[in-house]
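Structure at a glance
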Amino acid sequence: EKKPKTEKVDKWDYHRLNGNVAIWSRDKDEITTEEYQKFYRVVSKDSSDAADWIHFKAEGEVEFRSIIFIPQESGNLYDEYNT
């Protein structure tokens, strides 16, 4: 009696682990004030909220999106960043 032919097949299955989209790449109308403030506190290592921010997209020969935060106080942002 003949044995059936078998074939070994490698199958790759990918799963997205992080479904979050970078805050600066999202449309500014879909981001809440709370999300901006949380992002600011993480990036700046500041315990207080940002005074204000500007979220914009520049288009031309080079295209980019950016968020500029204005802190409540100027302080020593550059001298003590990594401490």
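Refer to the structure printed above.
These remarks concern the structure in this document. The shown structure was predicted, so the numbers you read here are calculated from the model rather than taken from an experiment.

For the protein, the helix and strand inventory stands at 1 helix and 2 strands. Ordered by position from N to C terminus, the α and β elements of the protein give α-β-β. Taking 83 residues into account, the globule formula puts the C-alpha radius of gyration at 12 Å, and the protein, at 23 Å, lies well above it. Sorting the 83 residues of the protein into buried and exposed places 14% on the buried side. For the protein, the share of sequence-separated contacts (at least 6 apart) that also reach a separation of at least 24 residues comes to 31%. For the protein, the computed accessible surface area is about 8100 Å², with 49% contributed by carbon and sulfur atoms. The averaged location of the 18 negative side-chain charges in the protein is 15 Å from the averaged location of its 13 positive side-chain charges.

Moving on, we come to the pattern of salt bridges. Counted under the stated rule, the structure contains 4 salt bridges. Here R41 ties to D49 by a salt bridge, and the two come within 2.3 Å at their closest N and O atoms. Taking relative accessible area as the criterion, D49 reaches 33% and is therefore assigned partly exposed. Between E59 and K57 there is a salt bridge, and its shortest N-O distance comes to 3.2 Å. Residue classification places E59 among the exposed residues on the basis of a relative accessible area of 58%. Its relative accessible area of 42% is what places K57 among the partly exposed residues. Here the residues in one salt-bridge network are R26, E30 and E35, joined through shared partners.

A few words on unusual backbone geometry. The phi torsion at K45 lies on the positive side, around 60°, for a residue other than glycine. Structurally, the position occupied by K45 is in the loop between helix 1 (33-44) and strand 1 (52-58). Relative accessible area serves as the criterion here: at 52%, K45 is assigned to the exposed category.

Bringing helix 1 into the picture now. With 12 residues, helix 1 extends 16 Å from end C-alpha to end C-alpha; this agrees with the ideal 16 Å at 1.5 Å per step. Two residues or fewer after helix 1 comes K45, characterised by a positive phi angle close to 60°.

As paired strands, strand 1 and strand 2 (residues 64-70) are joined by 7 bridges and run antiparallel to one another. When the bridges of strand 2 are listed, I54 appears paired with I68. From the end of strand 1 to the start of strand 2, which pair antiparallel, there are 5 residues.

Rules and cut-offs
- Residues numbered from 1 in each chain as written.
- Predicted model: local features only at pLDDT ≥ 70, side-chain atom pairs only at ≥ 80, totals over all residues.
- Heavy atoms only, no water.
- Helix = DSSP H or I, 4+ residues; strand = E, 2+ residues; numbered from the N terminus.
- Rg over C-alpha atoms; globule rule 2.2 N^0.38 Å.
- Buried < 20%, exposed > 50% of the residue type's maximum accessible area, 1.4 Å probe, protein only.
- Contact = heavy atoms within 4.5 Å.
- Areas by Shrake-Rupley, 256 points an atom, 1.4 Å probe, with all protein chains shown as cover.
- Lys, Arg positive; Asp, Glu negative; His and termini not counted.
- Charge placed at Lys NZ, Arg CZ, Asp CG, Glu CD.
- Salt bridge = Lys/Arg side-chain N within 4 Å of Asp/Glu carboxyl O.
- Expected span 1.5 Å × (residues − 1).
- Pairing = 2+ DSSP bridges.

Remember that the coordinates give geometry; whether it matters functionally is a separate question.
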